[in-house]
Amino acid sequence: MKRRIITVTILSTLLAASLTGCGSNVSGGTNPAAGEITVSTADTKISTETSLDSVSTSAAQTTTEAAARTASTTAAAETKASSAKTTASTTAATDVLSKAQMKDISKKLIQEYAALYDSMIAGIVQIDENDMYTPGPAYQYYRVTDARFQSTADLKEALAKTLSGSQYNTTVHNMFEGDHPVYLEQEGKLYALSVGRGNAYSDSWRWDELKFTKVTADSFTVSGKYVHIGDTIISESFDIVNTENGFRICAVSDPKIS
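Now for a quick tour of the structure. (Residues numbered from 1 in each chain as written. Predicted model: local features only at pLDDT ≥ 70, side-chain atom pairs only at ≥ 80, totals over all residues. Heavy atoms only, no water.)

1. Considerations on the sheet that holds strand S2 (residues 139–144)
In sheet architecture, strand pairing relies on hydrogen bonds along the backbone and comes in two forms, parallel and antiparallel. As a reminder of what qualifies: Only when DSSP finds a minimum of two bridges between them are two strands counted as paired. Helix and strand assignments follow DSSP, with helices taken as H or I runs no shorter than four residues and strands as E runs no shorter than two, numbered in order from the N terminus. Note on definitions: angles span 0 to 180 degrees between N-to-C directions of axes, and those axes are lines fitted to C-alpha atoms, for helices only across the stretch in contact.
Read across the sheet, four strands follow the order S1-S2-S4-S3 without closing on themselves; strand pairing throughout is antiparallel. Here the strands that pair on one side only, and so sit at the sheet edges, are strand S1 (127–136) and strand S3 (183–186). Strand-to-strand, the axes of this sheet are offset by a mean angle of 40°, without reference to chain direction. As defined by bridge partners, S3 adjoins strand S4 (residues 189–193) across four bridges and the pair is classed as antiparallel. Bridge pairing in S4 links Leu184 to Tyr191.

2. Quick look at the pairing of S2
In this structure, S1 lies alongside S2, joined through five bridges in antiparallel fashion. Each residue of the ladder has a partner; that of Met132, found in S2, is Tyr142. Two successive antiparallel strands, S1 and S2, enclose a turn made up of two residues. Of the pairings in the sheet, the one linking S2 to S4 comprises three bridges and is antiparallel in character. Bridge pairing in S4 places Tyr142 opposite Ala192.

3. So, the pattern of salt bridges
Definition in use: A carboxyl oxygen of Asp or Glu within 4 Å of a side-chain nitrogen of Lys or Arg is what we treat as a salt bridge. Burial status follows relative accessibility: with a 1.4 Å probe on protein chains alone, a residue under 20% of its type maximum counts as buried, one over 50% as exposed, and anything between as partly exposed.
This model, assessed by the stated rule, comprises seven salt bridges. As a salt-bridge pair, Lys108 and Glu112 come within 2.8 Å of each other at their nearest N and O atoms. In this pair, Lys108 and Glu112 are both assigned in helix H2 (residues 99–121), four residues apart and thus about one turn of the helix distant. Judged by relative accessible area, Lys108 falls into the partly exposed class, the value being 45%.

4. A word on the side chain of Ser106
Inspection of the secondary structure puts Ser106 in helix H2. The exposure class of Ser106 is buried, given its relative accessible area of 0%.

5. What to know about the packing of H2 against helix H3 (residues 152–160)
Convention followed: What sets the label is the angle itself: under 35 degrees gives roughly parallel, over 145 gives roughly antiparallel, 65 to 115 gives roughly perpendicular, and the rest give oblique. By convention, the crossing between two helices is left-handed when the near helix turns anticlockwise from the far helix through less than a right angle, and right-handed when the turn is clockwise. Residue contacts are counted whenever heavy atoms from the two residues lie within 4.5 Å of one another. Following the grouping adopted for this structure description, the nonpolar residues are Ala, Val, Leu, Ile, Met, Phe, Trp, Tyr, Cys and Pro, the charged ones are Asp, Glu, Lys and Arg, and the polar ones are all others, Gly among them.
At their nearest, the axes of H2 and H3 sit 11 Å apart, and the two run at 160° to each other. Classified by the angle between their axes, H2 and H3 sit roughly antiparallel to one another. Here the hand of the crossing between H2 and H3 comes out left-handed. Residues Leu116, Met120 and Ile121 of H2 pack against Leu155, Ala158 and Leu159 of H3. Residues of the contact of H2 with H3, tallied by class, amount to six nonpolar, no polar and no charged.

6. Some words on the packing of aromatic side chains
The following threshold applies: Here is the rule: rings of Phe, Tyr and Trp (six-membered ring for Trp) pair when centre to centre is within 6.5 Å. Planes less than 30 degrees apart are stacked, more than 60 are edge-to-face, and the remainder are tilted. For a Lys NZ or an Arg CZ to count as sitting over a ring, it must be within 6 Å of the ring centre and within 35 degrees of the ring normal.
Within this structure, the stated rule accounts for nine aromatic pairs. A centroid spacing of 5.9 Å and a plane angle of 75° characterise the contact between Tyr113 and Phe238, whose relative ring orientation is edge-to-face. In this pair, Tyr113 is assigned in helix H2 and Phe238 in strand S7 (residues 232–243), connecting sequence segments 125 residues apart. Ring geometry for Trp205 against Phe238: centres 5.9 Å apart, planes inclined by 50°, an arrangement best described as tilted. Residue Trp205 is found in the loop between S4 and strand S5 (211–213), and its partner Phe238 is found in strand S7; the two are separated by 33 residues along the sequence. Each member of the pair Trp205 and Phe238 is classed as buried. By the ring-pair criterion, three or more aromatic residues cluster together here, those being Tyr113, Tyr117, Trp205, Trp207, Tyr226 and Phe238. Here the guanidinium or amino end of Lys156 rests over the ring plane of Phe176, the centre of that ring lying 5.4 Å away.

7. Notes on H3
Since one α-helical turn is 3.6 residues long, residues separated by three or four positions face the same way. Put simply, the rule reads: Each C-beta atom gives one direction from the helix axis, and the arc is the one those directions make.
The set of residues buried in H3 consists of Thr152, Leu155, Ala158 and Leu159. The arc that holds every buried residue of H3, seen down its axis, measures 125°, which confines them to one face. Structurally, H3 contributes buried residues whose contacts are with H2, helix H4 (165–176), S3 and S4.

8. Description of the packing of H3 against H4
When two helices pack together, their arrangement is given by the angle between their axes and by how far apart the axes lie. The interhelical angle for the contact between H3 and H4, taken along N-to-C directions, is 155°, at an axis separation of 11 Å. Taken together, the axis directions place H3 and H4 in an arrangement best described as roughly antiparallel. Taken as a pair, H3 and H4 cross one another with a handedness that is right-handed. Packed against H3, whose contacting residues are Thr152, Leu155, Lys156, Leu159 and Ala160, the element H4 presents Tyr168, Thr171, Val172, Met175 and Phe176 at the interface. Class assignment for the residues of the contact of H3 with H4 results in seven nonpolar, two polar and one charged.

Note that all results are geometric; they support no functional claim without further evidence.
Rendered as structure tokens:
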């Protein structure tokens, strides 16, 4: 019995030693592999972290560059808008006729209109009293001898250099249309109706007293006064507009005694 116990003890010791050696071998054989896995995992982790850092850095750089581009675009847009605003402001400031310009334009056109009115529209036109055309007992026409006007086309052309729009149309209607026009052509000659006429604008205008309203870059209204027949002061206004052929009178008010 005693001998069996010793034998069991010895076997137990050997088994323990064997198990201890196996454990050592497993530990020695497995740990390096585990170590490698650990290192490999660490490398992967480091690589991943490095990659994430790179992505983060790249994203940050992209965001920064995008922000810079946005800022640049915004700045450019603001500069362009500011420039456009300045240009618009400058254009608006220069797109209104000056008083000096309006005075020069008005003086030229009013003088032209006065000359036309006094010599052609309602004034005294040069005629040959021995060359008469009588379409009716109450209407006598005399041949016009003014070298400037030898046809109705010549008269209309002269009017168009000063008048435009409604004023031109009204004047043409009064002069050439209706049953008894002021001018007509007969056998290639221009005749003028014999009517009482006078000089309406031959006296002096007060050019320094002209007043301007409704001013734009292409139009304005001028009001002024002139002395007629001694000391009678007449006031009148003209609407003036810029056409493709230059400034023209497009409307004339009725003269009034001031």
